[in-house]
Structure formats: structure tokens, C-alpha cells
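Observations on chain architecture
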Amino acid sequence: MSQETITYRPIGIIHSPFKEAKGSPIQGVFSRGAEGVVEVFEQFADGLCDLELFSHIYLLYDLHRAGRLSLTVVPFVDDQPHGVFATRAPSRPNGIGLSIVRVLARDGCQIRVVELDVLDGTPLLDIKPYVPYFDHRQSANSGWMKDPAGKQIAREADERFHQ
Ligand SMILES: C[S@@+](CC[C@H](N)C(=O)[O-])C[C@H]1O[C@@H](n2cnc3c(N)ncnc32)[C@H](O)[C@@H]1O
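For D79, the location among the structural elements is in the loop between β4 (72-73) and β5 (82-83). Distance from D79 to D158, taken between C-alpha atoms, is 14 Å for residues 79 residues apart in sequence. A polar contact of 3.4 Å, which involves the side chain of D79, links it to the side chain of Q80.

A few words on the packing of aromatic side chains. Across all of its chains, the model carries three aromatic pairs by this definition. For the pair F76 and F161, a centre-to-centre distance of 5.2 Å together with 85 degrees between the ring planes defines the contact as edge-to-face. Separated by 85 residues along the polypeptide, F76 in the loop between β4 and β5 and F161 in the segment after α1 (132-135) bring together distant segments of the chain. Given the relative accessible area of 16%, F76 is considered buried.

Before going further, it helps to spend a moment on the pairing of strand β3 (residues 56-62). Most of β3 sits out of view: five of its seven residues are buried. Relative to strand β8 (residues 122-129), β3 runs antiparallel, the two sharing five bridges. Bridging across to β8, L60 finds its partner in D126.

Moving on to the site of the ligand. What surrounds the ligand is a group of 23 residues, the closest being P25, R88, D117, T122 and H162. S99 is positioned with one of its side-chain polar atoms (N or O) 3.4 Å from a nitrogen atom of the ligand. Relative to its free-state accessible area of 600 Å², the ligand is covered by the protein chains to the extent of 98%. Mapped by element, the contributors of at least two residues to the shell around the ligand are β3 and β6 (96-107). The element best represented in the shell around the ligand is β6, accounting for three residues.

Another point: the pairing of β8. Sheet topology note: the strand β1 (residues 12-15)/β8 ladder contains three bridges and is antiparallel. Bridge pairing in β8 places I14 opposite T122.

What follows covers the sheet that holds β3. The six strands are arranged β1-β2-β7-β6-β3-β8 in a closed barrel whose pairing can be described as antiparallel. Going from strand to strand, the sheet's axes swing by 45 degrees on average, the running direction of each strand aside. In the sheet, β3 pairs with β6 via seven bridges, with the strands oriented antiparallel. The partner of I57 across the bridge, within β6, is V101.

How each quantity is defined
Residues numbered from 1 in each chain as written. Predicted model: local features only at pLDDT ≥ 70, side-chain atom pairs only at ≥ 80, totals over all residues. Heavy atoms only, no water. Helix = DSSP H or I, 4+ residues; strand = E, 2+ residues; numbered from the N terminus. Polar contact = N/O pair within 3.5 Å; in protein donor to acceptor, adjacent residues only side chain to side chain. Phe/Tyr/Trp six-rings, centres within 6.5 Å; stacked < 30°, edge-to-face > 60°. Buried < 20%, exposed > 50% of the residue type's maximum accessible area, 1.4 Å probe, protein only. Pairing = 2+ DSSP bridges. Near = heavy atom within 4 Å. Areas by Shrake-Rupley, 256 points an atom, 1.4 Å probe, with all protein chains shown as cover. Axes fitted to C-alpha atoms, helices over the stretch in contact; angles between N-to-C directions.

Structure, rendered in C-alpha cells:
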């Protein structure tokens, strides 16, 4: 198995209303319609052609402000520890964040989006369209979260995963 270092170059920056982890939504569905702008660097402009035809897109980004790594974490939505890979905790061995956001409009290299859970200034690594036929799984369950929609769970982050 290869243990090589892999280097990614950001393709842009995510501008969001959330300057600090504390109080930021733990997932986009809890963002209460928070809007932001995904700014893609000019050299990648041609790659955005037709992106605005999709209602939702995936953003993949560097969780650049996450703190100390632990392989077992107590996530925002539980009081019990879980393996970090069984959670969406922002401190992870490779700090890659994944969010589904709704596209409002694209103006050149600027994509206006809503339903953000990303901190302002986050380096953007990739964008992919959300395609219901590929991505929606009718039979999916929520693992240890069981029925999160039916429980009182945290909707905003605190500073446990940040320095
Ligand atoms: C629980 S994580 C989930 C992120 C993403 N939706 C995912 O599932 O990978 C969401 C929290 O990550 C934190 N966060 C967002 N952008 C970050 C960044 N660039 N660096 C560190 N933490 C960040 C915010 O505090 C936010 O509340």
C-alpha cells in the first residue's frame, strides 16, 4: 500500500457568512438558508460550463482550520465516542470536507449557493454535480445516529474540533 504524500492545489475559495466554528451549522440542512459564494480561480473557468444546470452540487474542500486529530471522537450529535470515519467531524487524518449546496446562480467564476456549513475562506478542492439518480439511496440508514430527524440534536458547532 502506498503511503506517499498527495498534494492538491485549491481550485478556488468558499466565501461564507460563518467566520468562526462556534455557532456555525453542523450541516447545510441546518444553515437556515445561509448564502455564500464559491469563487473558482480564473484558470479553471472552462470547467464550470453547464454547472448551473444542476440544482445541487457537491463541494469538496480543505477543512483548513480543524484542530488536533483524534481517531475516536465525540461528535456534535451524540455524547458517545465513535471512530472518526463513522462521523462527519471536521478533524480527520485527511481534512476533506464534503457539502451538498443548492445553486442559486453562476456569474462566470462565481457561483452563488445556499445551505452552506463551511467557514469563510475555506480552500475549495473540487466541485461535482449532485445527481439524484446516482446519489440518492432509498434504502440508506443513518448508522449509530438511528433516526436523527426524530431526535433533538445539536444544529450548531462548538469549538471542540478547532484550535
Ligand atoms: C460537522 S462538519 C461537516 C462538514 C461537511 N458537511 C462534511 O460532512 O464533511 C461542519 C463543521 O465544520 C466546521 N468547518 C467548516 N469549514 C471548516 C474549515 N475550513 N476548517 C475547519 N472546520 C470547518 C464548521 O464548524 C462546521 O460547523
